[in-house]
Amino acid sequence: MKEKIIALFKERFGEEPVMYASSGRINLIGEHTDYNGGFVFPGAIDKCIMAGIKENGTDKVRVYSADLDSYTEFGLNEEDKPNEQWACYVFGVCREIIKRGGTVKGFDAVFAGNVPLGAGLSSSAALESCFAFALNDMFNDNKIDKFELAKIGQSTEHNYCGVNCGIMDQFASVFGKKDHLMRLDCRSLEHQYYPFDAKGYKLVLIDSRVKHELVDSPYNKRRESCERVAATLGVETLRDATMEMLEANRDKISDEDYKRAVYVIGEKQRVLDVCDALERGDFETVGKCMYETHNGLSKDYEVSCVELDFLNDIARECDVTGSRIMGGGFGGCTINLVKDDLYDKFIATVCEKFNAEYGHEPKVYDVIISDGARRL
Ligand code: GLA
């Protein structure tokens, strides 16, 4: 991919670019908790967005998306927002840096990636983090700290892409570290790296290939439900809510919002339980929590779909230790914790049964935990 980008850059802009990359992410547990001030447990993966970039001495940005074979140019002022949706991520990052008092000058860029799009692996966060990291390195002497880089990506989603996401994806993409997961407290941004060394187990993603698109999806509605319940309970976020508080206010909360909150409050505890279990090397408990999360996401939070529930059922039938929807939901992948000796059988079974039911095989990605944003 690197050589291809350099070649395309030279062909288009006649020069040698500086190369940057940032990664997609997985999340072991803690879903839809980030915007509720709770905990998440992500890690960056070996699939990334890579960009070749070079200052061009003008006040224009010229970008080519190699995968989409799409080229655009835009200025750096608010009214210069490009029409192409993919370019809004790059534009948003530029604008958010400028809004924070940082510097962005005109540049040329070519980018490509191997993070599957719409699979719940945060290809958009990888794109934002790649450009945020690069523009910080290129124009700001790396003076913007990594937390702010993650927030620049998140604000890009909010202000230029229409998704009111939490901080997890951008954080994971910027802070990712090879062979480590991170437990992040999304309220304080305090985080710890956990070496992830699941001897005897594999983590594997099964992609339903149902495309999830968080823009215009009910994702923002879920967040609104949570905020309504928090306001009713008189807390800033559901991080501070308990089941007792929820029950005491049951009559003031709609049935739908109630279910959403039940899930979030349960999930908050599950992340902590998984951390304890990991420290004991107790993968059975990790897996049990993953199934509980799936159940909650499917029945109470209602962000699953028939294909994802089907994948989860097959995982159970195959005695997979843990399995659940990963990411925002509405399609994309399940993440599965599988014993080494059951792995081949599980993959064969899940591909065969899914194909028989839906007429196409799911995609299978082995998880390799890798570094986040970087200059190559
Ligand atoms: C998407 C969002 C994240 C997070 C997850 C669900 O990936 O971008 O902020 O809310 O969904 O956990």
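Parameters and conventions
Residues numbered from 1 in each chain as written. Predicted model: local features only at pLDDT ≥ 70, side-chain atom pairs only at ≥ 80, totals over all residues. Heavy atoms only, no water. Near = heavy atom within 4 Å. Polar contact = N/O pair within 3.5 Å; in protein donor to acceptor, adjacent residues only side chain to side chain. Areas by Shrake-Rupley, 256 points an atom, 1.4 Å probe, with all protein chains shown as cover. Domains from an automatic or database assignment. Core = buried A, V, L, I, M, F, W, Y, C linked by side-chain atoms within 4.5 Å. Buried < 20%, exposed > 50% of the residue type's maximum accessible area, 1.4 Å probe, protein only. Helix = DSSP H or I, 4+ residues; strand = E, 2+ residues; numbered from the N terminus. Pairing = 2+ DSSP bridges. Axes fitted to C-alpha atoms, helices over the stretch in contact; angles between N-to-C directions. Phe/Tyr/Trp six-rings, centres within 6.5 Å; stacked < 30°, edge-to-face > 60°.

Caption draft 1: Spatial organisation of the site of the ligand. In the region of the ligand, 13 residues are neighbours, and Glu31, His32, Asp34, Asp169 and Tyr219 sit closest. At 2.5 Å from an oxygen atom of the ligand is found a side-chain nitrogen or oxygen belonging to Asp34. Within the side chain of Tyr219, one N or O atom sits 2.6 Å away from an oxygen atom of the ligand. When the ligand sits alone it has 310 Å² of accessible area, and the protein chains cover 96% of it. Both domains that furnish three or more residues to the shell around the ligand are identified here as domain 1 (2-196) and domain 2 (201-366).

Caption draft 2: Main features of the nonpolar core. In this structure, Ile26, Leu28, Phe41, Phe107 and Phe131 are the most contacted members of the largest nonpolar core, which totals 79 residues. The dominant element in this core, judged by the number of residues it contributes, is helix α3 (residues 123-139), at 9 residues. Formed by 41 residues, the second largest nonpolar core is a distinct cluster that contains Val204, Tyr258, Val264 and Tyr301.

Caption draft 3: Quick look at the sheet that holds strand β11 (residues 333-339). Spatial ordering of the open sheet is given by β10-β11-β9-β12, a layout of 4 strands whose pairing is antiparallel. At either end of the open sheet lies a strand with only one pairing partner, and these are β10 (322-325) and β12 (363-366). Looking at each pair of strands side by side, their axes are set apart by 20 degrees on average, direction ignored. With 4 bridges joining them, strand β9 (residues 201-207) and β12 adopt antiparallel strand pairing. Bridge pairing in β12 places Leu205 opposite Tyr365.

Caption draft 4: Inspection of the pairing of β9 at higher detail. Burial of β9 is extensive: 6 of the 7 residues sit out of reach of the surface. Sheet topology note: the β9/β11 ladder contains 7 bridges and is antiparallel. Each residue of the ladder has a partner; that of Leu203, found in β11, is Leu337.

Caption draft 5: Structural context of the packing of aromatic side chains. Under the definition given, this model contains 17 aromatic pairs. Seen from their ring centres, Trp86 and Phe111 are 5.7 Å apart, and the 55 degrees between their planes marks the pair as tilted. Separated by 25 residues along the polypeptide, Trp86 in helix α2 (residues 85-99) and Phe111 in strand β6 (residues 107-113) bring together distant segments of the chain. Note on accessibility: Trp86 and Phe111 belong to one class, buried. For the pair Tyr201 and Phe283, a centre-to-centre distance of 4.9 Å together with 40 degrees between the ring planes defines the contact as tilted.

Caption draft 6: Looking closely at unusual backbone geometry. In this structure, Arg209 is a non-glycine residue whose phi angle is positive, near 65 degrees. For Arg209, the location among the structural elements is in the loop between β9 and α6 (219-233). Unlike most non-glycine residues, Phe330 shows phi in positive territory, near 65 degrees. Of note, Phe330 is situated in the loop between β10 and β11.

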